[in-house]
Structures are given as C-alpha cells and as structure tokens.
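Residue-level structure breakdown
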Amino acid sequence: MTRQAREQFLATLAMLLTLAAGGAFVGGLSGGLLVPVAAVLVMAYAKGRLVILDFMELRTNRGFMRSALLAWPATLLSLALVRALAINLIG
C-alpha cells in the first residue's frame, strides 16, 4: 500500500466514523421527527457510497456494476423515507 493510498484509506475511514457517530447522535435525538430522520438517511447513503466507491474500489470504474451498487442503497433508503413519511402522516 502506497502512502497516498494509505492516506486516502484513513481519510475515508475517518469520514465513515464521523458519519456513523453523527447519524447515531441525530437519530438518538430525532424523537421521530421527519427532518432528522431524512438527515440520518442521507448520512446512511453517504456512508454506503463511500464503502461502494472506496472499499470496493469502484471509484474509477464507470460500468453497470457501479451504477447498480449505488442505486441499491438509494432505493432502500427511499423506501425507508416513504415509510417514515407514511408513519408521520398517519399518526
């Protein structure tokens, strides 16, 4: 592992840990409100994107696999947002 690769790995890891801690903090204080739930879902997508692009080494790849892997968490998190909206509107 080169020095540049190690630095990029550590920067990505620090970002993942920061997003995880921030998501836990915001989620813990959300109280079921919609805006904090949406913020946690955005942080979850950012974490998934970092894992897919950096740890799966797909950052330079422009193929179908990259697009499919990025669409998967977006779809799941969109469904989670729809569920949160439905719960918020129903009661």
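Look above for the structure.
Keep in mind the model is a prediction, meaning the values are calculated, not measured.

Description of the overall build of the protein chain
- Each helix and strand in the protein chain was counted, giving three helices and zero strands.
- In sequence order, the protein chain lays out its α and β elements as α-α-α.
- Since a compact globule built from 91 residues should have a radius of gyration of about 12 Å, the 16 Å found for the protein chain marks it as more spread out than a globular shape.
- For the protein chain, the computed accessible surface area is about 6,500 Å², with 71% contributed by carbon and sulfur atoms.

A word on the side chain of Arg-66
- Summarising the element assignment, Arg-66 is placed in helix H3 (residues 64-90).
- Notably, Arg-66 is buried but unbridged: the nearest opposite-charge side chain belongs to Asp-54, and the N-O separation is 8.7 Å.

Looking at a nonpolar patch on the surface
- A cluster of nonpolar side chains, Met-1, Phe-9, Leu-10, Leu-13, Leu-17, Val-51, Phe-55 and Met-56, forms an exposed patch at the surface whose accessible area comes to about 750 Å².
- Sorting the residues of the nonpolar patch by element identifies helix H1 (3-29) and helix H2 (34-55) as the ones contributing at least two each.
- Among the elements that line the nonpolar patch, the one with the most residues is H1, at four residues.
- Residue placement: Leu-13 occurs in helix H1.

Re the pattern of salt bridges
- Applying the stated criterion across every chain yields a total of two salt bridges.
- Measuring nitrogen to oxygen at the nearest pair gives 3.1 Å for the salt bridge that ties Glu-7 to Arg-3. Of the two residues, Glu-7 and Arg-3 both sit in helix H1, four residues apart, roughly one turn of that helix.
- A salt bridge links Arg-59 to Asp-54, with the shortest nitrogen-to-oxygen separation between them at 2.7 Å.
- Exposure remark for Arg-59: the relative accessible area of 34% places this residue in the partly exposed category.

Overview of unusual backbone geometry
- Of note, Glu-57 is a non-glycine position whose phi angle comes to about 55°, a positive value.
- Tracing the backbone shows Glu-57 in the loop between H2 and H3.
- Judged by its relative accessible area of 67%, Glu-57 is exposed.

Parameters and conventions
- Residues numbered from 1 in each chain as written.
- Predicted model: local features only at pLDDT ≥ 70, side-chain atom pairs only at ≥ 80, totals over all residues.
- Heavy atoms only, no water.
- Helix = DSSP H or I, 4+ residues; strand = E, 2+ residues; numbered from the N terminus.
- Rg over C-alpha atoms; globule rule 2.2 N^0.38 Å.
- Areas by Shrake-Rupley, 256 points an atom, 1.4 Å probe, with all protein chains shown as cover.
- Buried < 20%, exposed > 50% of the residue type's maximum accessible area, 1.4 Å probe, protein only.
- Lys, Arg positive; Asp, Glu negative; His and termini not counted.
- Salt bridge = Lys/Arg side-chain N within 4 Å of Asp/Glu carboxyl O.
- Patch = residues over 30% accessible without salt bridge, like charges linked within 9 Å, V, L, I, M, F, W, Y side chains within 5 Å.

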